[in-house]
Amino acid sequence: MLQVLGRMMRNRTITSKCTETLGATSSSTRLTPGPTSKQQHTIAAPVMAGDTVSKANYEESVRVLNTLQTNAAVLERIRKEKKRVNENSLPEFREFLDRAGITLEDIDGLSVIHVSGTKGKGSVCAFCESILRANGFKTGFYSSPHLVEVRERIRINGIPLSREDFSHYFFKVYNQLESSKHHYNDIMPAYFRFLTIMAFHVFIQEKVDVAIIEVGIGGAYDSTNVVQCPVVTGISSLGMDHTSILGNSLDKIAWHKAGICKPGRPAFTVPQPEEAMASVIRRAKELQAPIEVTPMLEDYDWQGRPMELGLAGEHQKLNASLAIQLCRTWIEEHKAALTEGPPETKKQKRLNGYMDPADPSVRPAPAFRLIDTFIYGLRSCYWAGRNQTISRGRVTYFLDGAHTPRSIQACVNWFKEVAEEEAKTIKGPVARVLVFNATGDRDEKTLLTDLISCKFDGAAFCPNIASVFNGKTSADQTNLMTTSEKQLARCEKHRKSWQALELEAGAVSQQPSPKPSTSSRTEFLQDSVRALEALSQGDGQTDASRLLKAHGLNMPTTNVPKMDGLPYYNYGASNDRDSNTTISHSGDGDATHILKTKAVTFQCITDALQWAACAKDPQLGSPSLEVPSPPEFVRDAKHIQVLVTGSLHLIGGVIKVLNPDLATKDDCNDIHIW
């Protein structure tokens, strides 16, 4: 059965087969042909022959789309004014929908699964898409951000829109909005809002059976929350992220995330931290939405088969369980809807069903026997850049877009497990190198702290820029919301924080007695960073010495390069190409601590990867002679394990360098079936 499903999913000509306890769908579903290259748009690229037409029109559509990005200057003003998302967001978005010719009734006609959360919401949606496609349904899937190409955000039957289809739908929506803007003070929707409008338009035109919608930021005021009557909503793991927008507590963040719940519509949440769970339950009750907590993945009946998922990592079990509950609820509703009559009747029954506002409790959702289509969908799920490994030559790349403290913890646990298992199969020394970047308002120290325990031999810090060699950035990865100078300055800040954290870890490990200083850990880290900054200026020896001695430390025995005039080509390593910074303890301990990790800041991802791979990836090339040499242990290692994390945008840039096709691949080819 599972082998047949595999062939059907890969061929994308799926007839509904979900009759084993869940009933049949209304009809066979096939992806209808998209628009041809002969179709014209008000704004279009020059017409060329063959595949060039599609490519040219696509690049033009992305170029025009980028004009809707909020530029760095405006964003800085918003930050200073501390503006947050508010109740005006949705009325404004509804106005854009109206201008695009899309009514709320049109959106109500979609059968929506709506998912919010801090981490894992994209994976939950990917599991849902894979399961429902395995059950024979035509799926639409809207997600963010994209990794390599913006068309990845809108998928039909698991496949990103083709360049040609993206261009067609883009200009259809853009020209509709453009033609009316003179009536609205020339206002156009911002980047994410526009893509949300376009996704709704695509799903309506493609007549998908199910629209799986991932929230952008928050939930309550997110533009995707224009959906009035979803079939079911889900909330993945909650944590601290986007605090400048959503608030600085789990309670406030959970309020936003649970804001996608709707009256009478079933909702599910994974187990949450106590503060977050209380807020979710309270908010769901306010919105009159019955909510249940998902069971552990182990509680389901797998028919005696191994419990295997297409996505690696222990934390994916929570995401898979949430997806199972969402899909079962959706399929049961879909079966019932087939006999409910016209759309108005279906909508009213949705609003009236499941409601019990007098019940304040949160019930556990029941586990059940998984049918073949569910098992196959879980195993065949593919979601690039999430706990993904890529092996090339004598290098293994471990990619995970973790960007919150909790997701970094999960990433570290996953990396340690799989890296250690791989190391057991390699005869000879295995080196570890970190490639890291973080964006937005995230505190890099909270993200880097757990990574210290991975015991890296080298650390590379770089902006989310794939390459600077060709003189331009891909339109899909153009980011007008910041500048290259700010990105490089932030990367250098990451490097200094890393060295300060490593310095603290080393100092603590070699101090059998209490620290010489009574200063707090925060003060220690701050002074370490200030000392490194003073050293980097070349004339800050006195200040650096004073700051270090306050914590019982002596001056480094090697120089740190001068940092005047950002950005340098590459900077941050010791002037001695093979040495690491050495700091000695003064006083009773009289110990010497050597910073184990050689940390370097690079101008782009390609530079960082070449340095990390150390000529052991034959497809990548050798590091430039102009950059600091990799650590000796890395150069001499039999194999190198490179962990890339901190930002999904960084992951996208790495995939673009290594193999762009990985971002648009739709499912796993190697599914274990028995």
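The residue count restarts for each chain, going from 1 along the sequence in the order it is written. With pLDDT at 70 or above as the cut-off, local features in this predicted model cover only qualifying residues; side-chain atom pairs require 80 or more to be listed or tallied, and sums for whole chains, interfaces and linings still use all residues. Side-chain numbers come from the whole structure's heavy atoms, not from hydrogens or water.

A few words on unusual backbone geometry. Cis rather than trans, the peptide bond between Ser144 and Pro145 has omega equal to -5°. Looking at the secondary structure, you find Pro145 in the loop between β4 (139–142) and β5 (154–156). Residues other than glycine seldom take positive phi values, yet Lys207 does so here, at roughly 55°. Note on placement: Lys207 falls in the loop between α8 (191–206) and β7 (210–214). Positioned with a positive phi, Lys455 is a non-glycine residue whose angle comes to about 55°. For helices the rule is a DSSP run of H or I covering at least 4 residues; for strands it is a run of E covering at least 2, with both sets numbered from the N terminus onward.

Another aspect to go through is the side chain of Asp400. Positionally, Asp400 belongs in the loop between β13 (395–399) and α15 (405–423). The side chain of Asp400 is buried and forms no salt bridge, while Arg386, the nearest opposite charge, is found at 6.7 Å. A polar contact is formed between the side chain of Asp400 and the backbone nitrogen of Asn387, at a distance of 3.0 Å. Between buried and exposed lies partly exposed: a residue is buried under 20% and exposed over 50% of the maximum accessible area for its type, with that area taken using a 1.4 Å probe on protein chains only. In this count, Lys and Arg are taken as positive residues and Asp and Glu as negative ones, while His and the chain termini are left out. Any Lys or Arg side-chain nitrogen located within 4 Å of an Asp or Glu carboxyl oxygen qualifies as a salt bridge. Think of a polar contact as two N or O atoms within 3.5 Å of one another; within protein, one of them needs to be a possible hydrogen donor and the other a possible acceptor, and neighboring residues in sequence only count if both atoms come from side chains.

Right, let's talk about helix α16 (residues 444–451) for a bit. Where α16 is concerned, the buried positions are Glu444, Leu447, Leu448 and Leu451. Around the axis of α16, the buried residues are gathered within 90° of arc, so they sit on the same side. Between a side-chain oxygen at the N-terminus of α16 and the backbone nitrogen of Lys445 the separation is 3.1 Å; the capping residue is Asp443. Arc definition: directions from the helix axis to the C-beta atoms.

Take the buried Ala, Val, Leu, Ile, Met, Phe, Trp, Tyr and Cys residues and link them wherever side-chain atoms come within 4.5 Å; each set so joined is a nonpolar core. Counting 40 residues, the largest nonpolar core has Phe194, Met198 and Phe203 as its most contacted members. For this core, the secondary structure elements donating two or more residues are α2 (51–66), α4 (89–99), β5, α7 (163–178), α8 and β7. Considering every element that reaches this core, the biggest residue donor is α8, with nine residues. Val115, Ala323, Leu326 and Trp330 belong to the second largest nonpolar core, which has 38 residues in total.

It is worth spelling out the pairing of strand β14 (residues 430–436) at this point. Burial analysis of β14 places seven of its seven residues in the buried class, which makes it a mostly covered element. Across the two faces of β14 the burial is the same, with Val430, Arg432, Leu434 and Phe436 and Ala431, Val433 and Val435 all buried. Strands are treated as partners if at least two bridges between them are detected by DSSP. As paired elements, β14 and strand β20 (residues 639–645) share seven bridges and run parallel to each other. Residue Arg432 lies in a different strand from β20, and its bridge partner there is Gln641.

Let's shift gears to helix α22 (residues 648–658). Within α22, eight of the eleven residues are buried, leaving the element largely enclosed by the surrounding structure. Those residues of α22 that fall on the buried side of the exposure criterion are Leu648, Leu650, Ile651, Gly652, Gly653, Val654, Ile655 and Leu658. Sitting at the head of α22, Ser647 places a side-chain oxygen 3.1 Å from the backbone nitrogen of His649.

For the rest of this paragraph, the subject is the packing of helix α6 (residues 121–134) against helix α12 (residues 316–337). Look at α6 against α12: their axes get within 8 Å of each other, and the N-to-C directions meet at 45°. In this view, α6 runs oblique relative to α12, as classed from their interaxial angle. Regarding α6 and α12, the two cross each other, and that crossing is right-handed. In contact with Ser123, Val124, Phe127, Cys128, Ile131 and Leu132 of α6, α12 contributes Gln316, Asn319, Ala320, Leu322, Ala323, Ile324, Leu326, Cys327, Trp330 and Ile331. Lys, Arg, Asp and Glu make up the charged group, whereas Ala, Val, Leu, Ile, Met, Phe, Trp, Tyr, Cys and Pro make up the nonpolar group; the residues left over, Gly among them, are polar. Tallied by class, residues from the contact of α6 with α12 come to 13 nonpolar, three polar and no charged. Only the stretch in contact is used when fitting a helix axis, every axis being a line fitted to C-alpha atoms; angles between N-to-C directions are given from 0 to 180 degrees. Any angle between 65 and 115 degrees counts as roughly perpendicular, while under 35 counts as roughly parallel, over 145 as roughly antiparallel, and the rest as oblique. By definition, any crossing whose near helix is turned counterclockwise from its far helix by less than a right angle is left-handed, and any crossing with a clockwise turn is right-handed. Working rule for contacts: check all heavy atoms of both residues, and any pair within 4.5 Å makes them a contact.

At a minimum axis separation of 8 Å, α6 and helix α14 (residues 372–380) run at an interaxial angle of 140°. Between α6 and α14, the angle falls in the class oblique. For the pair α6 and α14, the crossing hand works out as right-handed. In this structure, α6 uses Phe127, Ser130, Ile131 and Ala134 to contact α14, whose residues at the interface are Thr373, Phe374, Tyr376, Gly377, Leu378 and Ser380. When its residues are assigned to classes, the contact of α6 with α14 shows six nonpolar, four polar and no charged.

This part covers the pattern of salt bridges. One pass over the full model with this rule turns up 22 salt bridges. Asp617 serves as the salt-bridge partner of Arg392, at 2.9 Å between the closest nitrogen and oxygen. Highlighted residues: Arg392 in strand β12 (residues 388–392) and Asp617 in the loop between α20 (605–613) and α21 (632–636), separated in sequence by 225 residues. The same class applies to Arg392 as to Asp617, namely buried. Through salt bridges with shared partners, one network takes in Glu149, Arg151 and Arg163.

In this section: the sheet that holds strand β6 (residues 159–160). In spatial order, the strands read β6-β5-β4-β7-β3-β8-β9-β10-β11; together these nine strands make up an open sheet with mixed pairing. Edge positions in the open sheet fall to β6 and β11 (363–364), since each of these has one partner strand only. Direction of pairing for β5 relative to β6: antiparallel, over a ladder of two bridges. Bridge pairing links Arg155 to Pro160 in β6. Helix-sheet contacts for α12 involve β3 (112–116), β7, β8 (232–235) and β9 (267–269), and the interaxial angle to β8 is about 175°.

Right, let's talk about the packing of aromatic side chains for a bit. Put simply, two rings from Phe, Tyr or Trp (the six-membered ring, in Trp's case) pair if the centres are within 6.5 Å, and we call them stacked under 30 degrees between planes, edge-to-face over 60, tilted for the rest. The full count for this structure, using the stated rule, is 18 aromatic pairs. Pairing Tyr221 with Trp255 gives two aromatic rings, centres 6.0 Å apart and planes at 55°, and the pair type is tilted. One end of the pair, Tyr221, is in the loop between β7 and β8; the other, Trp255, is in helix α10 (residues 250–257), and 34 residues separate them in sequence. Taking the centre distance of 6.0 Å and the plane angle of 70° together, the rings of Phe398 and Trp414 count as edge-to-face. A residue pair is termed long-range when its members are at least 10 positions apart, and Phe398 in strand β13 and Trp414 in helix α15 qualify at 16 residues.

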